[in-house]
Structure formats: C-alpha cells, structure tokens
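In case you want the letters, here they are:
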Amino acid sequence: DITPPHGGTLKELIVSPERLDALKAEAVDLPSWDLTARQVCDAELLLNGGFSPLEGFLTEADYTAVCERMRLADDSLWPIPINLDVTEAFAETLEPGSRIALRHPEGMVLAIMTVEDLYRPDFKKEAEQVYGAADPAHPEVFRLMHQTNPVYVGGRLEGLELPPHHTFKQLRHTPRELRDWFTKMGWNSVVAFQTRNPMHRAHVELAKRASQKGEANLLIHPVVGMTKPGDVDYFVRVRCYQEVVRHFPEQTTALSLLPLAMRMGGPREAVWHAIIRKNYGCARFIVGRDHAGPGKNSHGEDFYGPYEAQDLVERHQEELGIAMQPFEEMVYVEDMAQYVPRSEVPEEARVLNISGTELRRRLREGLEIPEWFSYPEVITRLRQAFPPKREQGFTVFFTGLSGSGKSTIANVLVAKLMELGTRPVTLLDGDLVRKHLSSELGFSKEHREINIKRIGYVASEITKNRGVAICAPIAPYTSTRREVREMISQYGGFVEVHVATPLEVCEERDRKGLYAKARAGLIKQFTGIDDPYQAPENPEVVVDTSQFTADELAQQIILHLEKQGFIDLQ
Ligand code: PPS
C-alpha cells in the first residue's frame, strides 16, 4: 500500500461544495489579508495536505514547541515553524475568534482563517533555535530579521480554492493526485528526489542508483515555490528537468513540481522535506550531502556539517515512517568514463567536477561545457537563459556635475553603438527623463533619489531584455547609485562612468547659464554650488572633458566595453 500521511490522515482543507457558497458569501465582509509570495506557498501546502497534520498556521503553543523541540504541542514531529506574519496595524483589528479572508495577490480568497491567538515572536530566538544561529548570512534568518511582519496569527483554515498556477500545469499535482497516480500505476514504493538546481549527469546517476538500491520507482520532485535567492529560476529549471526526465526509464519515473517555500534549514529542513514527501505518498526520500544547505555563514564557514542532515533524519527514522535513502556525492572518474560515489573512487584516479559557480562562468563567457558533465539539451536550455556577455544587455551609467559633458559623450556613445548595430539602444538622458518620466519632481534629495530610481528601473528592464541603456543624470548620491547598480547587475552589465570634469570648468562653460543663476541665488539646491555631489568611489571608467574630446572619451568607453566582453569589434 501507499505510505500513509504524517499523522495518519491527509489534512486537505478545501471545504465541501455545500460549505463553499456560505464561505464565499461570508468572505465579502471579512477583514482581508493579502498573502505575501511566501505565505501563498505555505497556504498551498496547508490547503492541499502537503503539510499534514497541520490544519492552519501555528498557534503560540505549537510554535514554541516546534522551535524548542522540533515538535507540535501534541508531541508529533514537526521541524519548521509555519506562521502567518501580519503588521501591527492589521493585528489591531483582530482578536481570538475573528475570521480573516486570506487573499491571493490575484484577488481571490484562498481560505478563511479563524484566529486562535496573536503573538509577537522573538526572531533572534527563532533563528537560533530553528536555524542554529541568528546570522543574517543565512537567507531565512535575513528574511526573519528584515522582511517578516512583527505579529504571528495562529488559527485553522477553511480552504475555498488552491492558488492558481499558469505555468507547467501538467506537472503540478496535489498530494491526493500523486497518491492516486501512484495507486493507478501500482507504484507502492516511490523514492523522492528533492532539488532546487538544474539536473546534470551526476544528479541523474545519483537518482537512478538510489531508486535501484531501494527497489523503488522514482519521483523527481523539484521545488518551484521559493528557493535560495540567486538560484536559477524555475522556468529555466523545469525546461531542463523535462529534458532530463527522458534519460530515465519511463515505466518507473515521474516528474512533479512542488510549490514549497524552502527555508534552507539544513538538517531540520531535511526532516521537513521527508514529512512532505511522505504526505505526497512516497516511501523513501533521498538525502544527499549538505541537504538544503544555506552556504557559508558570516565567518566564511558552513552553517551545517555535510552529513548533519542525514544524521538528524536517521535519528527520527522510525517516527518519520518514510525511509531515508542516504546518498554520497557522485563524481566523474575520467579513466572509468563513469560516475561513482566519492568513497568508491579508486586511489589516484582523476576525478572531474564542475561547480555551480564554474558552470555560470562558462555560460557567461560562452565557453565549452563538456558532455561528461551534462546533456547537450540541458546546456542548450541554460545557454538560452544565460547568454554569453556579448548577447547580454548592459547599462552605461554616466554621473557627474551639470555641464560636465555627460550628455555630449552619451550621444556619441549611442551613435557608435547604433553603428555597431548588435543591440537596440535607449538613451535616458537627464533632461529627457525629467521631461518624460519625472516631470513632477524637483531637486530635493528625496526627489533626486526617486528620479534616479526610476531611471534605474527602466534601465534594468532594458538590460533584462538584452538591450543597451545609456543613462546620463547627475545622480549625486552614492547610495542611490549603488541601489541602481544592484538592480541592474542581476540582469547584465553595469558600467559606471564618472564624468569628472572639475566644477570650475563646468561653471566657466555654463552652457545653460544655470551656474550664474545658482550663484545669484535664483536657483536653489544647485549641485556643486549649494547641494552635494558625492563622487563615485569605484567607477568602471573615469573621464574628464577638460582634457579630451567627447569622441575620444566615447571611444575609451567602447574599448572598455570590448575588454569586458560586452561588445565585439572584430
Ligand atoms: S539628478 O540630481 O540626477 O536628479 O539631476 P538630473 O535629473 O540629472 O537633472 C539635472 C538637470 O537639471 C537642471 N537643473 C539642475 N541640476 C542640478 N541642480 C539643480 N538645482 C537644478 N535645477 C535644474 C540642469 O540643467 C541639469 O542638467 P545637466 O544636463 O546635468 O546640465
């Protein structure tokens, strides 16, 4: 028979059709909470039974027990707190017994919650107890400390509908649907493989061996809810999984997507993952090296030992009721032309490996990725998502005083890039932006910041879509420029050009007559006169128009772009 859910019953919280009409009518007048992306993920697994035996967000008694001893108040094993965090203002409208409509960002009510209690968690303590340290280098601890609302609301849910999904519908299943599928296929024993990364040959070998060893069918069960910040996004990953699944025997392998919000909680997370897979009907669960590891802490050390997750699952094996399939790292042995577990590598044999970072580098540089590492179809998918630099978008961000020559150089640069003709180019000149995007803004610090962030946002969209944005505002504040840099560099290149023409030269030129007016007090808050300009600390390029012509300087920037690999002049 299929493995029973954690606690014995699958706690599906969607109400019967008869109750649904009453709840829909009630929801109209209830206080309404808009769920965050993370809360939507948690709500989905609560409603579909993936979090059985939970029937709602944790009350204080359950929360405290989970943090302290990895158990609910009734002693059943549950390692990760599942909370609805709300603002003080919203909490003030509630009391025990209140009912709340929990809304999806698209507007529909997913569930009605009956408030049992409201409490203010100690985030530091939660971080220490659950994740081992209150270190913000841990992504979940960072989230707790900086992005979590101060009040937790505990209470049961009555579900109206599951969150809608618009992508890969054919690969999404509730625990009930997977259980029914396994029954139909006669798959009593299924081993689940958890992943948040694209799968390459090593993962395929590992999963195949694990299923053979356990004499089980295989469920490839990747997380597509929320994973570690910076991970390959799930659209790309799922296209890779679809390619990879063809390399498994069709009779014994299934692929299904799990809408979980991961916490990167290492050992506790491994126990949680096992419970969830049990609820989805699996009998076995693969736990590898550094399962759900968050990377390095702020002292540069690993948060958890490489096999700590396996140890913790092992210790709770009996109670869990899902068998752990421990697995070592698989490595490629060149002389054998095959993957083997690390401990089985013959002495002095040459082992090959490509880390995630190295893979990214090769994609970015357009370098070869060998066949022994991955499948050509997977690499093609990854190359589509991570084009080499010469196909990525980039932003050239000029900053400097009024009249320093930003616009003049920017115009020459635009012309040169247009002549090259490899990408669409957009000029976001200071004056242009103030006319079309920021006409209501003045020159206070606050307004200048808004102005620059708007430019940054537009440039980041252009960069994301593989075009070129040339920006030329004064942008006098270091912190705003840093924000813009962060916004853009996640999508492509960012080249900051400081047009460092000295103030005296700008003032002497005074093309628009603004310096004279500023000196006369007719214009207030004029940059360089009675308003600050914070010079960039580490710009990619520095130019000075009192020494060179705009043509020469634009050419200098072109050469920098070529050196960086963004353009190809050959
Ligand atoms: S900022 O600080 O980045 O938002 O400024 P920006 O959008 O680039 O706008 C600068 C242009 O506005 C004109 N101008 C002023 N500049 C600075 N300070 C004050 N108070 C001011 N008032 C008007 C000026 O022409 C700037 O144009 P450029 O092309 O830089 O000379």
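As the structure is a computational prediction, the values presented were derived from the model and not from experiment. (Residues numbered from 1 in each chain as written. Predicted model: local features only at pLDDT ≥ 70, side-chain atom pairs only at ≥ 80, totals over all residues. Heavy atoms only, no water.)

1. Some points on the overall build of the protein
Then step 1. Within the protein, the regular secondary structure consists of 21 helices and 19 strands.
Then step 2. Based on the C-alpha atoms only, the size of the protein along its principal axes is roughly 85 × 70 × 45 Å.
Then step 3. Taken over 570 residues, the protein has a buried fraction of 53%.
Then step 4. Nonlocal contacts in the protein, meaning residues at least 24 apart in sequence, comprise 74% of its contacts between residues at least 6 apart.
Then step 5. Counting every atom, the protein has about 25600 Å² of accessible surface; 49% of that belongs to carbon and sulfur.
Then step 6. If the 66 positive side-chain charges of the protein are averaged to one point and the 82 negative ones to another, these points end up 4 Å apart. (Helix = DSSP H or I, 4+ residues; strand = E, 2+ residues; numbered from the N terminus. Buried < 20%, exposed > 50% of the residue type's maximum accessible area, 1.4 Å probe, protein only. Contact = heavy atoms within 4.5 Å. Areas by Shrake-Rupley, 256 points an atom, 1.4 Å probe, with all protein chains shown as cover. Lys, Arg positive; Asp, Glu negative; His and termini not counted. Charge placed at Lys NZ, Arg CZ, Asp CG, Glu CD.)

2. Observations regarding the pairing of strand S10 (residues 284–287)
The side chains of a regular strand alternate, first on one face of the sheet and then on the other.
Then step 1. Bridging between strand S7 (residues 190–195) and S10 involves two bridges; their strand directions are parallel. Paired with Ala-192 across the bridge in S10 is Phe-285.
Then step 2. As defined by bridge partners, S10 adjoins strand S11 (residues 323–326) across four bridges and the pair is classed as parallel. Looking at S11, one finds that Phe-285 is bridged to Met-324. (Pairing = 2+ DSSP bridges.)

3. What about the sheet that holds strand S15 (residues 394–399)?
Then step 1. Pairing within the open sheet is parallel, and its five strands lie in the order S16-S17-S15-S18-S19. The open sheet terminates on both sides in strands that have one partner only, identified here as strand S16 (425–429) and strand S19 (541–543). Strand after strand, the sheet turns through a mean of 15° between neighbouring axes, direction not considered.
Then step 2. Two strands pair when backbone bridges link them, and S15 and strand S18 (residues 493–499) are joined in this way by six bridges, in the parallel orientation. In the sheet register, Phe-394 faces S18, and the bridge partner there is Gly-493.
Then step 3. Across the sheet, helix H21 (residues 550–564) touches S15, S18 and S19, and the angle it forms with S19 is around 170°. (Axes fitted to C-alpha atoms, helices over the stretch in contact; angles between N-to-C directions.)

4. Topic: the domain arrangement of the protein
Then step 1. Here the domain parsing of the protein yields domain 1 (17–159), domain 2 (169–258 + 262–331) and domain 3 (389–564).
Then step 2. Once you take the C-alpha centre of each, domain 2 and domain 3 turn out to be 47 Å apart. (Domains from an automatic or database assignment.)

5. A short note on the packing of aromatic side chains
Then step 1. Scanning the entire structure with this criterion turns up 18 aromatic pairs.
Then step 2. Geometrically, the ring pair formed by Phe-303 and Tyr-304 is tilted, given 6.2 Å between the ring centres and 45° between the ring planes.
Then step 3. Residue classification places Phe-303 among the buried residues on the basis of a relative accessible area of 15%.
Then step 4. On the numbers, 5.6 Å between centres and 45° between planes, the contact of Phe-394 with Phe-566 is tilted. Residue Phe-394 is located in strand S15, and its partner Phe-566 is located in the segment after H21; the two are separated by 172 residues in the primary sequence. The same class applies to Phe-394 as to Phe-566, namely buried.
Then step 5. An aromatic cluster of three or more residues is present, and its members are Tyr-63, Tyr-119, Phe-123 and Tyr-152.
Then step 6. Lying over the aromatic face of Tyr-375, Arg-201 brings its terminal NZ or CZ to 4.3 Å of the ring centre.
Then step 7. Across from the ring centre of Phe-566, 5.3 Å away, lies the NZ or CZ of Lys-389, which sits over that ring. (Phe/Tyr/Trp six-rings, centres within 6.5 Å; stacked < 30°, edge-to-face > 60°. Lys NZ or Arg CZ within 6 Å of the ring centre and 35° of its normal.)

6. Quick notes on the pattern of salt bridges
Then step 1. As enumerated under the stated definition, the model contains 34 salt bridges in all.
Then step 2. With a closest N to O distance of 2.9 Å, Arg-143 and Glu-140 form a salt bridge. One end of the pair, Arg-143, and the other, Glu-140, are both in helix H6 (residues 139–147), three residues apart, so they sit about a helical turn from each other.
Then step 3. With a relative accessible area of 14%, Arg-143 lands in the buried category.
Then step 4. Assessed through its relative accessible area of 5%, Glu-140 is described here as buried.
Then step 5. Taking the shortest distance from any N to any O, the salt bridge between Arg-246 and Glu-243 comes out at 3.1 Å.
Then step 6. What makes Glu-243 buried here is its relative accessible area of 10%. (Salt bridge = Lys/Arg side-chain N within 4 Å of Asp/Glu carboxyl O.)

7. Description of unusual backbone geometry
Glycine aside, residues mostly have negative phi, and peptide bonds are mostly found in the trans state.
Then step 1. Here Ser-52 and Pro-53 are connected by a cis peptide whose omega angle stands at 10°.
Then step 2. By secondary structure assignment, the location of Pro-53 is in the loop between helix H2 (37–48) and strand S2 (56–57).
Then step 3. Backbone geometry places Glu-215, a non-glycine residue, at a positive phi of 45°.
Then step 4. You can see Glu-215 is positioned in the loop between helix H8 (201–213) and strand S8 (217–222).
Then step 5. Its identity is not glycine, yet Glu-348 carries a phi of approximately 65°, on the positive side.
Then step 6. With respect to the element layout, Glu-348 can be found in the loop between strand S13 (338–341) and strand S14 (351–352).
Then step 7. Judged by relative accessible area, which is 80%, Glu-348 ranks as exposed.

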